[in-house]
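Next come the chains, spelled out residue by residue.
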Amino acid sequence: MTAYSILDLAPILRGGDAGQALRHSLDLARHAEQWGYTRYWVAEHHNMPGVASAATSVVIGHIAAGTSRIRVGSGGIMLPNHAPLVIAEQFGTLAALFPGRIDLGLGRAPGTDMETARALRRDLNSNAMEFPRDVAELQGYLDDAGPEQRVRAIPGQGSKVPLWLLGSSLFSARLAAQMGLPFAFASHFAPESLEEALHVYRTHFQPSEQLDKPYAAAGISVFAADSDQEGAYLATSMQQQFMNLRRGRPGPLPPPVENMDELWSPMEAHGVRQAMKYAMIGSRDTVMEGLRAFRDHTNVDELIITGGIFDHDKRLRSFDIAAQLCRDL
């Protein structure tokens, strides 16, 4: 059976605040545990008025403390924003608190705009090859210590927290294959290179201590409801958020609207629909058809499901329906 998991951006709602967003995330995670989701990931974004998970490791601790079985992790930590030792200590601490339940997904994007990247003390002149070195350094801190190793992550050393590489291009697919790590593709917002990235990853995979064969996941959005009309209505919140981001005006997640054509231009509509190519929107039957087609087309081992829905009860309902459909796949 294809595994199914959740990616949560801890959405801050228009008229709400970060505290409400994080309470909603914990509530969703508790339900997700009962509905059979494999893992619950949160993502690192900065200077984003609609995202409450900037301090990703803190949010992971919040979610893990409020649940008991579901794996909790990052989807992902943007490693160039941090010293590998600091991330090793943070996730080593999480692994000590919640043994066998922590995932460490890594990305190489800033997760923000360039001005905020500078505020994060990120070296904007770094080259692409620093990321593989940082991943290897981080992996060394989480592995058993060597006899001559002078710098150790405490907690962290020997924890062997599972690493994932995340990406929306071929770079991370190749690196995940080379390092023998599981790979997750961000097709929920960048679908263009999905098929090629999966092919590169599977073709070039080299077994490692962590993983003996390729394990691929892919992101999708789900807006499931009792009817196609209601699902389409719920999806307009995320459509507006994508539109506002493209306009350079990111903000909290807005409530849904009846008619997006009153808000966006034809060019904006085309761009948002392209970004949301792998969004499953509508009734149970419609969403099931989309899930089955995506699974059969990609043959991924795991579906990473997200969905920016304004009404929390409707959000819970959508993830509940998605879980039921994934079990039936």
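Quick notes on the rules
For every chain, the first residue of the written sequence is number 1, and numbering continues from 1 along that sequence. Note on the predicted model: pLDDT of at least 70 is required for a residue's local features to be given, and 80 or more for side-chain atom pairs to be given and counted; whole-chain, interface and lining totals, by contrast, use all residues. Side-chain measures were taken over the full set of non-hydrogen atoms in the model, leaving aside hydrogen atoms and water. Should a side-chain nitrogen of Lys or Arg be within 4 Å of a carboxyl oxygen of Asp or Glu, the pair is scored as a salt bridge. Helix numbering and strand numbering both begin at the N terminus, where a helix is a DSSP run of H or I of at least 4 residues and a strand a DSSP run of E of at least 2. Here the term buried applies to any residue with accessible area under 20% of the maximum for its type, exposed to any over 50%, and partly exposed to those in between, with areas from a 1.4 Å probe on protein chains only. Two strands qualify as a pair provided DSSP detects at least 2 bridges between them. Throughout, right-handed denotes a crossover for which the path from the first strand over the helix to the second runs clockwise when the strands point away from the viewer. As used in this structure description, the phrase polar contact means that two N or O atoms lie within 3.5 Å; if the pair is within protein, one of them must be able to donate a hydrogen and the other to accept it, and residues adjacent in sequence are counted only when both atoms belong to side chains. Whenever a helix is involved, its axis is fitted only over the stretch in contact; in every case the axis is a line through C-alpha atoms, and angles between N-to-C directions fall within 0 to 180 degrees. Angle categories are assigned with fixed cut-offs, so that under 35 degrees is roughly parallel, over 145 is roughly antiparallel, 65 to 115 is roughly perpendicular, and the rest are oblique. Should the near helix be turned anticlockwise from the far one by less than a right angle, the crossing is termed left-handed; should it be turned clockwise, right-handed. Between two residues, a contact is recorded if the distance between any of their heavy atoms is within 4.5 Å. Asp, Glu, Lys and Arg are counted as charged, while Ala, Val, Leu, Ile, Met, Phe, Trp, Tyr, Cys and Pro are counted as nonpolar; the rest, among them Gly, fall into the polar class.

Draft legend 1. Expanded view of the pattern of salt bridges. Under the definition given, this model contains 11 salt bridges. Ionic pairing is found between R39 and D103, a salt bridge with its closest N-O pair at 2.7 Å. Highlighted residues: R39 in strand β2 (residues 39–42) and D103 in strand β4 (residues 102–107), separated in sequence by 64 residues. What makes R39 buried here is its relative accessible area of 8%. For D103, a relative accessible area of 1% gives the class buried. The salt bridge partner of R39 is E302, with a shortest N-O separation of 2.7 Å. Note that R39 is positioned in strand β2 and E302 in strand β9 (residues 302–306), a separation of 263 residues in sequence. E302 sits in the buried class, given a relative accessible area of 0%. One continuous salt-bridge network, built from bridges that share partners, spans R39, R71, D103 and E302.

Draft legend 2. Quick peek at the pairing of strand β3 (residues 71–78). For β3, a buried count of 7 out of 8 residues is recorded, marking the element as mostly surrounded by other parts of the structure. In the sheet, β2 pairs with β3 via 4 bridges, with the strands oriented parallel. Residue Y40 lies in a different strand from β3, and its bridge partner there is V72. Running through helix α2 (residues 56–65), the crossover from β2 to the neighbouring parallel element β3 is right-handed. Judged from the 5 bridges that link them, β3 and β4 form a sheet pairing that is parallel. Residue S74 lies in a different strand from β4, and its bridge partner there is L104. For the segment spanning β3, helix α3 (residues 84–97) and β4, crossover handedness is right-handed.

Draft legend 3. Main features of the side chain of E44. Mapping E44 onto the fold places it in the loop between β2 and α2. A polar side-chain atom of E44 sits 2.7 Å from the main-chain amide nitrogen of M78. A distance of 3.0 Å separates a polar atom in the side chain of E44 from a polar atom in the side chain of N81.

Draft legend 4. Representation of the packing of helix α1 (residues 18–35) against α2 within the structure. Between α1 and α2, the shortest axis-to-axis distance is 9 Å and the interhelical angle comes to 45 degrees. In terms of axis orientation, α1 runs oblique to α2. Between α1 and α2 lies a crossing whose hand is right-handed. Facing α1, whose interface residues are L22, S25, L26 and A29, α2 presents V59, H62 and I63. Of the residues in the contact of α1 with α2, the class split is 5 nonpolar, 2 polar and no charged.

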